[in-house]
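Take a look at the letters that make up each chain.
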Amino acid sequence: MFKKIIIPVIFAILSFDGVAQNTAKEDVTILKKIYDTSLLNGKSYEWLDYLSNQIGGRLSGSVNAQLAVEWGEKELKKLGIDKVWLQPVMVPKWTRGVTEFAYIETGPGVTTNVPICALGGSVPTLIGGIKAPIVEVQGLEDLKKLGEDQVKGKIVFYNRPMQADLIETFRAYGGCVDQRYSGAAEAAKFGAVGVIVRSMNLRLDDYPHTGAMSYGDLKDSQKIPAAAISTNGADLLSSMLKLNPKIKFHINMNCRTWKDVQSYNVIGEITGSEFPNEYMVVGGHLDSWDLGDGSHDDGAGIVQSMEVLRLFKEIGYKPKRSIRVVMFMNEENGLRGGKKYAKVAKDKGENHVFALESDAGGFTPRGFSFDCNDANFAQVESWKPLFEPYLIHSFTRGGGGADIGPLKKEGMVLSGLRPDSQRYFVHHHAKNDTFDAVNKRELELGAATMASLVYLFDKYGIK
Ligand SMILES: [Zn+2]
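Since the model is a prediction, treat every value here as computed from it, not as a measurement.

Undergrad: Looking at this structure, how should I read empty space enclosed by the protein?
TA: With a probe scaled to a water molecule rolled over the atoms, the places where space remains empty come into view. In total, this model carries one cavity of 30 Å³ or more according to the counting rule given. Its volume calculated, the largest cavity comes out at about 50 Å³. Here the residues of the lining of the largest cavity are counted per class, giving three nonpolar, four polar and four charged.

Undergrad: Even after reading the chapter, I still don't get the layout of surface pockets, so can you show me in this structure?
TA: Roughly 640 Å³ of volume is contained in the largest pocket. Residue lining of the largest pocket: 32 residues in total, with Phe170, Tyr173, Glu331, Asp359 and Ala402 positioned closest to the centre. Listing elements by their share of the lining of the largest pocket, those giving two or more residues are α5 (169-174), α6 (177-189), β15 (394-397), β16 (413-419) and α12 (424-427). Among the residues forming the lining of the largest pocket, the class breakdown is eleven nonpolar, twelve polar and nine charged. Shared between two domains, the lining of the largest pocket takes at least three residues from each, and those domains are domain 1 (32-94 + 259-460) and domain 2 (102-254). Approximately 550 Å³ is the volume attributed to the second largest pocket. Forming the walls of the second largest pocket are 25 residues, and the residues nearest its centre are Gly120, Gly121, Met213, Tyr215 and Thr257. Every element with two or more residues in the lining of the second largest pocket is listed here: β1 (83-95), β10 (256-270) and α9 (336-347).

Undergrad: Even after reading the chapter, I still don't get the coordination of the zinc ion, so can you show me in this structure?
TA: Around a metal, the ideal angle is 109.5 degrees if four donors adopt a tetrahedral arrangement and 90 or 180 degrees if six donors adopt an octahedral arrangement. Coordination of the zinc ion by the protein comes from His285 (NE2), Asp297 (OD), Asp359 (OD) and Asp359 (OD), over a distance range of 1.8 to 2.7 Å. Each of the four donor atoms bound to the zinc ion contributes to angles spanning 51 to 145°, and the resulting shape is irregular. Taken in chain order, the donor set of the zinc ion reads H-x11-D-x61-D. Here histidine 285, found in strand β11 (residues 275-285), pairs with aspartate 359, found in the loop between β13 (351-357) and β14 (365-371); they are 74 residues apart in sequence, far enough to count as distant.

Undergrad: What exactly am I supposed to notice about unusual backbone geometry here?
TA: One can expect most non-glycine residues to show negative phi and most peptide bonds to be in trans. Residue aspartate 298 follows aspartate 297 across a cis peptide bond; omega there is 5°. Tracing the backbone shows aspartate 298 in helix α8 (residues 295-315). A positive phi angle, near 60°, is found at leucine 335, a position not held by glycine. Along the chain, the position of leucine 335 falls in the loop between β12 (321-328) and α9.

Undergrad: It is not clear to me how the environment of glutamate 186 should be interpreted in this structure. Could you clarify?
TA: Tracing the backbone through its elements, the reader meets glutamate 186 in helix α6. For glutamate 186, the contacting residues outside a window of four places in its chain are Leu140, Leu143, Lys144 and Tyr158.

Undergrad: Teacher, can you tell me more about the domain arrangement of the protein here?
TA: Each domain of the protein was delimited in the assignment, giving domain 1 (32-94 + 259-460) and domain 2 (102-254). Look at where the C-alpha atoms of domain 1 and domain 2 centre, and you get two points 33 Å apart. Interface of domain 1 and domain 2: buried area, both sides summed, is about 1600 Å²; carbon and sulfur atoms make up 64% of it. The three residues of domain 1 that bury the most area against domain 2 are Trp94, Phe425 and Val426, which together make up 38% of that side's buried surface. Between the two partners, domain 1 and domain 2, sit zero salt bridges. At the junction of domain 1 and domain 2, the tally comes to five residue pairs in polar contact (both at pLDDT 80 or more). It is α12 that contributes the most residues to the side of domain 1 that touches domain 2, four residues altogether. Per-class residue counts for the side of domain 1 that touches domain 2 are eight nonpolar, seven polar and three charged.

Undergrad: Hey, could you run me through the side chain of aspartate 287 in this one?
TA: Position of aspartate 287 among the secondary structure elements: in the loop between β11 and α8. Among the polar contacts listed, one links the side chain of aspartate 287 to the backbone nitrogen of asparagine 330, at a separation of 3.0 Å. A polar atom in the side chain of aspartate 287 sits 3.0 Å from the backbone nitrogen of glutamate 332. Setting aside its immediate chain neighbours within four residues, aspartate 287 contacts Arg58, Ser60, Asp297, Asp298, Phe328, Met329, Asn330, Glu331, Glu332 and Asn333.

Undergrad: I tried to follow helix α2 (residues 44-55) on my own but got confused; where do I start?
TA: Residues spaced three or four apart along an α-helix point in a common direction, a consequence of the helix completing one turn every 3.6 residues. The end-to-end C-alpha separation of α2 is 16 Å, in line with the 16 Å expected for twelve residues at 1.5 Å each. Considered for burial, the residues of α2 that qualify are Ser44, Trp47, Leu48, Leu51, Ser52 and Ile55. One side of α2 holds all its buried residues, which, seen down the axis, span an arc of 115°. In α2, the exposed positions angled more than 90 degrees off the buried face are occupied by Glu46 and Gln54. Looking at the buried side of α2, the elements it contacts are α3 (63-78), α8 and α13 (440-460). In the stretch just after α2, glycine 56 is the one whose phi turns positive, near 95°.

How each quantity is defined
- Numbers given for residues are sequential positions, taken from 1 along each chain in its written order.
- It should be noted that, the model being predicted, local features are given only for residues of pLDDT at least 70 and side-chain atom pairs only at 80 or more, the latter also being counted only at that level, while totals for whole chains, interfaces and linings use all residues.
- Side-chain descriptors were evaluated using all non-hydrogen atoms of the structure, hydrogens and water having been removed beforehand.
- Here a cavity denotes grid points, spaced 1 Å and computed from the protein atoms alone, that fit a 1.4 Å probe unable to get out, and a pocket denotes an open set having protein on both sides within 12 Å along at least 5 of 7 lines; residues with an atom within 4 Å of a point are the lining.
- Grid points are joined across faces, edges and corners, and a volume is the space filled by probe spheres set on the points.
- Three residue categories are used. Nonpolar comprises Ala, Val, Leu, Ile, Met, Phe, Trp, Tyr, Cys and Pro, charged comprises Asp, Glu, Lys and Arg, and polar comprises the others, including Gly.
- Each helix is a run of DSSP H or I of at least 4 residues and each strand a run of E of at least 2, with the numbering of both proceeding from the N terminus.
- For every domain, the bounds stem from an assignment made automatically or drawn from a database.
- Here a donor is an N, O or S atom found within 2.8 Å of the metal, or within 3.2 Å if the metal is Na, K or Ca; sites may look incomplete because water is not among the atoms.
- Irregular is the default label, applied whenever a site is not tetrahedral (four donors, all angles between 85 and 135 degrees) and neither square planar nor octahedral (four or six donors, opposite donors over 155 degrees apart, all other angles between 65 and 115).
- We call two residues in contact whenever any of their non-hydrogen atoms come within 4.5 Å of each other.
- By buried area we mean the combined loss of accessible area, with a 1.4 Å probe, across both parts when two parts are placed together.
- Whenever Lys or Arg places a side-chain nitrogen within 4 Å of a carboxyl oxygen from Asp or Glu, that contact is recorded as a salt bridge.
- Under the rule applied, a polar contact is a pair of N or O atoms within 3.5 Å (in protein, one hydrogen donor and one hydrogen acceptor; residues adjacent in sequence only if both atoms are side-chain atoms).
- What a helix is expected to span follows from its residue count: subtract one and scale by 1.5 Å.
- Any residue under 20% of the maximum accessible area for its type is buried, any over 50% is exposed, and the rest in between are partly exposed; the area is computed with a 1.4 Å probe on protein chains only.
- By definition, the arc is the one covered by directions from the helix axis to the C-beta atoms.

The following block contains the structure:
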């Protein structure tokens, strides 16, 4: 009797151990195949070359954005995956017009040119530009302390820099982006005639960095022009203001907002073999700002996401769940694509269980952030040894990303690829976000790291 119970239990334990060891071995083998294939025979860099150098900057509603949609659809079809389709979405259209122009005037006819660019969504200046005295502030709170007396009729200069002692540079960005996003709306309430914002860049250089802004609920007649100034320009202006607070600043911009236009999210799917109704998304955003070619932000995320599906095909891995690559449109100035995808998924009752976004640059991958419950996070931590050979070690709790955010629901895993972030804000939203700034191996390591995580979640499921 005793033997009858104990022996089967021992066998069960031994065979369970055997299964666990075999699956762990299989995981080691598959991750190695994924990384080898991405590094030896990858497609991500070639794709990025085309997207960046043959198409270029892809601001929502532009001809280039449409070319990128057509390219994305064509390349996904070439992969021989189960489904490829375009999901219609209306997007805002804003154009920069001729290159902006600005100078500091220290006396009659004595001027120094400084590099600026309009913020996305800004109204233009009057024809011929505007010229006004400057008031420098360190942020929105600082502006409120000054009040209408010291602001009316002036150009407000927001000059709070990114905090250099924050190792996670996205936190430093988060610490000053409110100046860019709401600076004009707040300054207009005190009667300012324009705003210039220090570029969100940790390096001192001559590139102005654009980005989204909002006028909140201001009426059209209250809107004032808003521009970014390079970090060198901001330091120069600040020091000149200290010498002579009466100097003036001239800005000329002819940007414009048009009616919304038709665009698309580009979607491809490998249908799951066991649980076709459980969806796992991997994606980035297809649109970019217009100053550079959007290689890091977010061409890298697009080609890495495409590569995840291609790697599965290449190594012959058939996912149990349906894996979708989604190239989201309009992340930069509206998030319309992300919202649309989530709405359609909800309307159709599609059960999304996992979403992974790459939108932090094509730099060396370090790990992932996870927005999930404790059981799923514990599962991720149990996979750490599998990632160790690839120097992937940072598994943290945090947001997944802007485009997949609207999909969020109870029990779902949202994740973001976390590459090294030290150089990201040198390029972010500026003219130097270009193909040559992306390293081939770093890009390919990122793609393989994403594919590995998708593979593991597909195999073991969501807790
Ligand atoms: Zn981005």
